[in-house]
Amino acid sequence: MTLASLASAIPLDQIRYNDQGLVPAIVQDYLDGTVLMLAWMNRESLQKTLETGQTWFWSRSRAELWPKGATSGHVQQVKTIRYDCDSDALLVTVEQVGDIACHTGERSCFHQIEGAIAPPPADTLSQVFQVICDRRDHPNPDSYTCKLLAGGDNKILKKVGEEAAEVVMACKDDDPDQIAGEVADLFYHTLVALAQHQVDLKAVYRKLQERRR
């Protein structure tokens, strides 16, 4: 989305700011849907966001505008901005430079769970890919994924070919449940191939976004 189309899509005067003149802005990764942070915008920071194509927020503690990443370099390139049915909350999808949104150095501010640190939830494929990469980096002899990776390209690519053929056969049989299952198997084995060759799943998502445009 261009800056011009972005600006025209957001009616600044129709946004319902609270008594302090603020509106909550949820920031989300545009590729895998990870919720990166929650911050506050006022009319001026939203205007600057639309003008620059990078996120600007209002700091309630410092009572001033601040551009995300001004000191860290982890700026957020805005892809889309949506507002909810009541016009009192914003959803901002971004490309997070450096893949770090939290001041702690974590990818997302929502990285804590039950007192522990964990990767923030993303889409299902990204979650499965994280598990596969963890198996690659921390082998477990009882893991099917680790056995595939240990077999190298010969074993991994053989399974990709077999699963692709299974998808074809399931489609020929016109069985929706079987098709879904076989495509899930193909997705999984393709993710293993990506991990084997150190290709980030996000690189695939970027290719799809480019072709979608």
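Note that residues are indexed from 1 along each chain, following the sequence as it is written. Two thresholds apply to this predicted model, a pLDDT of at least 70 for residue-level local features and 80 or more for giving and counting side-chain atom pairs, whereas whole-chain, interface and lining totals are computed over all residues. Excluded from the side-chain calculation are hydrogens and water; included are all heavy atoms of the structure.

Trainee: Explain unusual backbone geometry here, please?
Mentor: Trans peptide bonds make up most of the peptide bonds, and negative phi angles are found at most residues other than glycine. Phi at Ser87 is positive, roughly 60°, even though this residue is not glycine. Each helix is a run of DSSP H or I of at least 4 residues and each strand a run of E of at least 2, with the numbering of both proceeding from the N terminus. Position of Ser87 relative to the elements: it lies in the loop between strand S5 (76-83) and strand S6 (90-96). The phi angle at Asp99 is positive, at roughly 60°, despite the residue not being glycine. Residue placement: Asp99 occurs in the loop between S6 and strand S7 (112-113).

Trainee: Explain the pairing of S6 to me, please; I cannot follow it from the model alone.
Mentor: If a strand is regular, its side chains alternate between the two faces of the sheet. For the exposure calls, accessible area comes from a 1.4 Å probe over protein chains only, and a residue counts as buried if that area is under 20% of its type's maximum, exposed if over 50%, partly exposed in between. The element S6 is extensively covered by neighbouring structure, given that five of its seven residues are classed as buried. In the sheet, strand S1 (residues 23-29) pairs with S6 via five bridges, with the strands oriented parallel. Bridging from a neighbouring strand, Ala25 pairs with Leu90 of S6. Judged from the seven bridges that link them, S5 and S6 form a sheet pairing that is antiparallel. Bridge pairing in S6 places Gln76 opposite Gln96. The hairpin formed by S5 and S6 contains six residues between the paired strands, and Ser87 there has a positive phi angle of roughly 60°. Should DSSP find at least two bridges between two strands, the strands are taken to pair.

Trainee: What's the story with helix H6 (residues 176-196) in this structure? I'm lost.
Mentor: Helical geometry: 3.6 residues make up each α-helical turn, so side chains three or four residues apart lie on a common side. Relative to the 30 Å expected for 21 residues at 1.5 Å per residue, H6 spans 30 Å between its end C-alpha atoms, a close match to the ideal helical length. Of the positions making up H6, those classed as buried are Glu182, Leu186, Tyr188, His189, Leu191, Val192, Ala193, Leu194 and Ala195. Two residues qualify as a contact provided that any one of their heavy atoms is within 4.5 Å of a heavy atom in the partner residue. Against helix H3 (124-137), helix H4 (144-150), helix H5 (152-173) and helix H7 (201-212) lie the buried residues of H6. Among the residues trailing H6, Gln198 stands out with phi positive, at a value near 60°. In this scheme, a helix's expected span is set at 1.5 Å multiplied by one less than its residue total.

Trainee: How should I be thinking about a negative patch on the surface in this particular structure?
Mentor: Surface patches are drawn from residues lacking salt bridges whose relative accessible area is over 30%; two like charges belong together within 9 Å, two nonpolar side chains (Val, Leu, Ile, Met, Phe, Trp, Tyr) within 5 Å. Every accessible area reported is derived by Shrake-Rupley at a probe size of 1.4 Å, with residue values counting cover from the shown protein chains alone. A pair is scored as a salt bridge if a Lys or Arg side-chain nitrogen falls within 4 Å of a carboxyl oxygen belonging to Asp or Glu. His residues and chain termini do not enter the charge count, which takes Lys and Arg as positive and Asp and Glu as negative. A single reference atom marks each charge: NZ on Lys, CZ on Arg, CG on Asp, CD on Glu. Taken together, the side chains of Asp173, Asp174, Asp175 and Asp177 make up a negatively charged region of the molecular surface. Mapped onto the elements, Asp174 comes out in the loop between H5 and H6. Look at Asp174 and you get exposed, because its relative accessible area is 60%.

Trainee: Honestly, the packing of aromatic side chains in this entry has me stumped. Any pointers?
Mentor: Two aromatic rings are characterised by how far apart their centres lie and by the angle between their planes. Ring geometry is summarised as follows: Phe, Tyr and Trp rings, the Trp one being its six-membered ring, pair when their centres sit within 6.5 Å, and such pairs are stacked at plane angles under 30 degrees, edge-to-face over 60 and tilted between the two. All told, the structure shown has two aromatic pairs when counted by the stated rule. Lysine and arginine charges are scored as sitting over a ring when NZ or CZ, respectively, is within 6 Å of the ring centre and within 35 degrees of the ring normal. Across from the ring centre of Trp56, 4.5 Å away, lies the NZ or CZ of Lys48, which sits over that ring.

Trainee: Explain the layout of surface pockets to me, please; I cannot follow it from the model alone.
Mentor: Empty space among the atoms becomes apparent when a probe as large as a water molecule is rolled across them. Its volume calculated, the largest pocket comes out at about 300 Å³. Put plainly, a pocket is an open set of points on a 1 Å grid over the protein atoms alone with protein on both sides within 12 Å along at least five of seven lines, a cavity is a set where a 1.4 Å probe fits but cannot get out, and a lining residue has an atom within 4 Å of a point. Residue lining of the largest pocket: 14 residues in total, with Asp32, Asp99, Arg107, Gln130 and Asp200 positioned closest to the centre. Of all elements in the fold, only H3 and H7 reach the threshold of two or more residues within the lining of the largest pocket. Residue type decides the class: Asp, Glu, Lys and Arg count as charged, Ala, Val, Leu, Ile, Met, Phe, Trp, Tyr, Cys and Pro as nonpolar, and the leftover types, Gly among them, as polar. A per-class count over the lining of the largest pocket returns six nonpolar, two polar and six charged. Lining the second largest pocket are 10 residues, with Tyr30, Lys79, Thr80, Gln209 and Arg212 sitting closest to its centre. Contributions of two or more residues to the lining of the second largest pocket are made by S5 and H7. Considering each element in turn, the lining of the second largest pocket owes the most residues, four residues, to S5. Looking at side-chain class alone, the lining of the second largest pocket contains three nonpolar, three polar and four charged residues. Grid points are joined across faces, edges and corners, and a volume is the space filled by probe spheres set on the points.

Trainee: It is not clear to me how the environment of Glu106 should be interpreted in this structure. Could you clarify?
Mentor: With respect to the element layout, Glu106 can be found in the loop between S6 and S7. Measuring from C-alpha to C-alpha, the distance between Glu106 and Ala118 comes to 9.6 Å, with 12 residues separating the pair along the chain. Contacts of Glu106, omitting those with residues within four sequence positions, involve Ile100, Ala101, His111 and Ile117.

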